[in-house]
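Structural description and commentary
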Amino acid sequence: MAVVCRGFHISQSIKILTDTTPFPWLTSLRNKFTRSRIPQELFKERSKEHEKYGGDPNQPHKLHIVTRVKSAMRRPYWEKKLVKDLGLEKAYVPVIHKNTHSVNNQLKYIKHLVKVQPLKLPYGLPAEEDMADTYINSKGELIVRHLLKPLEPKAIES
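Residues numbered from 1 in each chain as written. Predicted model: local features only at pLDDT ≥ 70, side-chain atom pairs only at ≥ 80, totals over all residues. Heavy atoms only, no water.

Thoughts on the overall build of the protein
Of regular secondary structure, the protein possesses six helices and five strands. Ordered by position from N to C terminus, the α and β elements of the protein give α-α-α-β-α-β-α-β-β-β-α. Residue burial in the protein is summarised as follows: out of 158 residues, 16% are buried. The long-range share in the protein, meaning contacts at least 24 apart out of those at least 6 apart in sequence, stands at 53%. Only carbon and sulfur atoms are counted for the fraction: they give 59% of the accessible area of the protein, which is about 13700 Å². (Helix = DSSP H or I, 4+ residues; strand = E, 2+ residues; numbered from the N terminus. Buried < 20%, exposed > 50% of the residue type's maximum accessible area, 1.4 Å probe, protein only. Contact = heavy atoms within 4.5 Å. Areas by Shrake-Rupley, 256 points an atom, 1.4 Å probe, with all protein chains shown as cover.)

If you want it as C-alpha cells, here you go:
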C-alpha cells in the first residue's frame, strides 16, 4: 500500500508541475538562450551620432575609406580571405569602397581589424582630368590639388 501511495504522490506532483510548463527545469535555460542579452539602448535611434561624425541621416555617404589597423595573422581563414578580397593586404593603406549592403556585410566580419571612415568631398566631385592630382588627408577628405599652369607665350611678350 505504501508503494502505491508513494507512486500516486509523485505522479500528482509531476502533474502539477507539467500543468504550468511542460518542463520547468528548461524554462531558465530557454530564457537564458532565447532572450536577447543586448541592451535595448543600442536599438534606439542614434541621430546624434550622425551629427557627431559629420553625416546626414537622410543622405548617407556614398564611399567608405577602409584602413586595416590590425594584423590578420592568427585569425580564421575566412577573415584572411575577406582582408585579401577587400584589398587590405598592407596595413595603414586606405582603400576606397562603395557604401553598399554587400560591402558592409563583408566589413561586418572584419570590423575588429579595420577602421572605416566616410569619404568627404569638401570641394565636390573632382573632374576626370583632376583625378591624378587628388589625395586623401587624415580627416577623410578628398582634396584636389590644383597645379599652376604656365602662362601662354603671348602674354609674356607683352
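Considerations on the sheet that holds strand β2 (residues 95-98)
The strands that make up a sheet are held in pairs by hydrogen bonds between backbone atoms, and each pair lies either parallel or antiparallel. A sheet is described by the order of its strands in space; here three strands give the open sequence β2-β1-β3, paired in antiparallel fashion. Each having just a single partner strand, β2 and β3 (114-118) make up the two edges of the open sheet. Here the strands of the sheet are splayed against their neighbours by 35 degrees on average, with no regard to which way each runs. Note: strand β1 (residues 63-68) against β2, four bridges, orientation antiparallel. Paired with Leu 63 across the bridge in β2 is Lys 98. Sitting on the sheet, helix α5 (residues 101-109) is in contact with β1, β2 and β3, with an inclination near 25 degrees to β1. (Pairing = 2+ DSSP bridges. Axes fitted to C-alpha atoms, helices over the stretch in contact; angles between N-to-C directions.)

Section: the nonpolar core
Grouped together as the largest cluster of nonpolar side chains are twelve residues: Val 66, Ala 72, Leu 82, Val 83, Leu 86, Leu 88, Val 95, Val 103, Leu 107, Ile 110, Leu 113 and Val 114. Ignoring sequence-local partners within four residues, the contact set of Leu 113 consists of Thr 67, Arg 68, Val 69, Lys 70, Ser 71, Arg 75, Glu 79 and Val 83. (Core = buried A, V, L, I, M, F, W, Y, C linked by side-chain atoms within 4.5 Å.)

A look at the pairing of β1
With five of six residues buried, β1 is to be regarded as a mostly interior element. In terms of strand pairing, β1 meets β3 through five bridges, oriented antiparallel. Across the sheet, Thr 67 pairs through a bridge with Lys 115, a residue of β3.

A word on unusual backbone geometry
Here the phi dihedral of Arg 74 falls at roughly 60 degrees; this positive angle occurs in a residue that is not glycine. Summarising the element assignment, Arg 74 is placed in the loop between β1 and α4 (77-85). Judged by relative accessible area, Arg 74 falls into the exposed class, the value being 83%. In this structure, Tyr 92 takes a positive phi of about 60 degrees despite not being glycine. Of note, Tyr 92 is situated in the loop between α4 and β2. Looking at Tyr 92, the relative accessible area reads 58%, which means it is exposed.

A look at the side chain of Thr 134
Mapped onto the secondary structure, Thr 134 falls in strand β4 (residues 134-136). Within the structure, Thr 134 has its side chain in polar contact with the backbone oxygen of Met 131 (distance 2.9 Å). Not counting chain neighbours up to four residues away, the residues in contact with Thr 134 comprise Pro 126, Leu 142, Ile 143 and Val 144. (Polar contact = N/O pair within 3.5 Å; in protein donor to acceptor, adjacent residues only side chain to side chain.)

A closer look at the pattern of salt bridges
Enumeration over the complete set of coordinates arrives at two salt bridges. In this structure, Glu 79 and Arg 75 form a salt bridge, with 2.9 Å as the shortest nitrogen-oxygen distance. A relative accessible area of 32% means that Arg 75 is categorised as partly exposed. Of the charged contacts in the structure, one is a salt bridge between Asp 85 and Lys 81, with a shortest N-O distance of 2.9 Å. (Salt bridge = Lys/Arg side-chain N within 4 Å of Asp/Glu carboxyl O.)

As for α4
The complete set of buried residues in α4 reads Glu 79, Leu 82 and Val 83. All buried residues of α4 lie within an arc of 100 degrees about the axis, which places them on one face of the element. Away from its buried face, by an angle of more than 90 degrees, α4 presents the exposed residues Tyr 77, Lys 81 and Lys 84. (Arc of directions from axis to C-beta.)

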